[in-house]
Structures are given as structure tokens and as C-alpha cells.
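Residues per chain are reported as follows:
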Amino acid sequence: GNILKHFDTQFLYKNAIMSLGKVSKNNPPSSCLLQLPLEMLVKIISLLPESDIFWNVGFSCRKLLSVSLHIVRVIELCVDFKDTQQSISIIRQLLARREITNSIKHLVICQEYRKDTALSGNIPQRSGKILLICGRLEQLTENTLIEMLHHELSLTSLYIIGYINITNRILQKIAQCYKALSNLDLAGCVEITDNGVFILVDSCKDLTHICLRDCYKITDIAIGYITMRCSGLRGLNISCLLYTSDA
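### Topic: the packing of aromatic side chains
Part 1: Taken as a whole and assessed by the stated rule, the structure comprises 4 aromatic pairs.
Part 2: Judged by centre distance (5.3 Å) and plane angle (85°), the ring pair of Phe54 and Phe59 falls under edge-to-face.
Part 3: Take Phe54: its relative accessible area is 1%, and that puts it in the buried class.
Part 4: Members of the aromatic cluster, connected to one another through ring pairs, are Phe54, Trp55 and Phe59.

Structure (C-alpha cells):
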């Protein structure tokens, strides 16, 4: 039965692909493709590299964008942060599409060489798309990062990893835009302090996992405040913190 089912499926795919060649003035190739059943269309497009599926196929038309969002999990955007205006413009154009902003639940911002490590972290499975923005973070200004934190995204996870220039201004922006966050990773963001943490957890009370690894200016006062305010907290990484309060 399984062999027959496999044969039937292959036969259908073969006929579907062959039908793409049967074009005429009234039946261009694109219309042949779009007339395929959704399940078959997904199977065919899934054979392409994931980056091509989203950036090339997905932006062909609204239906193929919907198909591409059905297939891909990670939307990767490598940005040249040297050109501030171009960086912001690219991200704004991407997030101008409502179907894209609605599908993204996780935002990862990191150095390009750390993207595989970032994606292998504790990002929840089967719960929305991941927008991965990577590049040379030393060229990223804080003002540009604030512009990038798009208020229309309904994020549940935010990972800003290894960005040494981040200050409490970013935490204020996060607290303002993403009150429903459950996962937050600020590993290596060495300039944030207790005051930023206070503002953050006062707004984001649903946090369950927080990583403040190597955030050297965070003290035990902030850690105590986190445990008091975030009643659903299940994971807190505070390895390599150096400071304690004088109390």
C-alpha cells in the first residue's frame, strides 16, 4: 500500500511539473503553477533552498508568499549596519507586509558568525516564524537598533546576543513594545544595569526564560527583583555576573 501510495504521489508530481511546460497565451507558466493544489505546491517549492523559497519565490505574488511562510521557519536577513538608512529601510519594507509581521514571533539579532549558535538555543518550536537579523554588530548604533524594534511585531521571544553597545534605552523600548515576551536573551550586553532590568520586568511580567550571561553591571538586587516580579519564571541564566550590591 505504501509503495503504491508513493508511486501515485510521484506520478501526480511528475504530471504537475510537466503541465508547467504546457503554456499558451492564455495559460502562462505562473498561472499553471498557481492552479496546483496547495499541498502539492508546498511539496514542490519545498525542494528549493530555504532562502530562495522566501526571498525569491515568496515575493512573486501573495499566494506564493503565503506558501513560503507555510514552509520556512527562519527568515534570515544579513544587514550591512554601516549604512544605517539602508538597514532601516530594508527592515521596514520587510515588515510592511501584514502577513509577515503576523507570522513572526521570535526575533534574533546577533553577529553573523553566531547565528547557528543563536538558533540552536531555547527558541520554542512550532510557535511562529523566526526573524534572524545578523551582521557586524560593532557597526550597529543604538538608535538604529531602536528603529529596528518594530512595535507591530507580536513577539514572544527576543534574543539580542553579544551587542556590547546596548544600554537601558533598549530595555525601555522592549518594555514599551513587547509586553507579552516569554523568552529574553541579552547575553553579552555588558552596558545594561539594574535600572533597565527594573523597567523591563515591570512591563514584561510573563517572562519565563531570561538570559543575562556576561551582563557584568547587573547586581543581585536586579536578580532578586526578577524573581519577585516574574512569577512564572522557569529559567534564569546569570553566569559570569561580577557585581553584588553593597547591602
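### Some remarks on the side chain of Ser182
Part 1: For Ser182, the location among the structural elements is in the loop between α10 (168-177) and β5 (183-185).
Part 2: Reaching out from Ser182, the side chain makes a polar contact with the side chain of Asn183 at a distance of 3.0 Å.
Part 3: Each residue touching Ser182, except ones within four places of it in the same chain, is listed here: Thr156, Asp206, Leu207, Thr208 and His209.

### A look at the packing of helix α4 (residues 50-57) against helix α5 (residues 62-71)
How two helices sit against one another is set out by the angle between their axes and by the gap between those axes.
Part 1: Orientation of α4 relative to α5, taken along the N-to-C sense of each, is 155°, at an axis distance of 9 Å. Considering the angle they form, α4 stands roughly antiparallel to α5. When you trace α4 past α5, the crossing you get is left-handed. Of α5, the residues touching α4 (which contributes Ile53, Phe54 and Val57) are Leu64, Leu65, Ser68, Leu69 and Ile71.
Part 2: Classifying every residue of the contact of α4 with α5 gives 7 nonpolar, 1 polar and no charged.

### Considerations on the pairing of strand β4 (residues 157-160)
Part 1: What you see with β4 is no split at all: Ser157 and Tyr159 on one side and Leu158 and Ile160 on the other are buried throughout.
Part 2: Both strand β2 (residues 104-111) and β4 contribute to a ladder of 4 bridges, which runs parallel. Considered in β4, the bridge of His106 is made with Ser157.
Part 3: Where β4 and β5 come together, 3 bridges link them in parallel fashion. Bridge pairing in β5 places Tyr159 opposite Asp185.
Part 4: Regarding the hand of the β-α-β motif, the stretch spanning β4, α10 and β5 is right-handed.

The rules we used
- Residues numbered from 1 in each chain as written.
- Predicted model: local features only at pLDDT ≥ 70, side-chain atom pairs only at ≥ 80, totals over all residues.
- Heavy atoms only, no water.
- Phe/Tyr/Trp six-rings, centres within 6.5 Å; stacked < 30°, edge-to-face > 60°.
- Buried < 20%, exposed > 50% of the residue type's maximum accessible area, 1.4 Å probe, protein only.
- Helix = DSSP H or I, 4+ residues; strand = E, 2+ residues; numbered from the N terminus.
- Polar contact = N/O pair within 3.5 Å; in protein donor to acceptor, adjacent residues only side chain to side chain.
- Contact = heavy atoms within 4.5 Å.
- Axes fitted to C-alpha atoms, helices over the stretch in contact; angles between N-to-C directions.
- Parallel < 35°, antiparallel > 145°, perpendicular 65-115°, else oblique.
- Left-handed = near helix turned anticlockwise from the far one by under 90°.
- Nonpolar A, V, L, I, M, F, W, Y, C, P; charged D, E, K, R; others polar.
- Pairing = 2+ DSSP bridges.
- Right-handed = clockwise from strand over helix to strand, strands pointing away.

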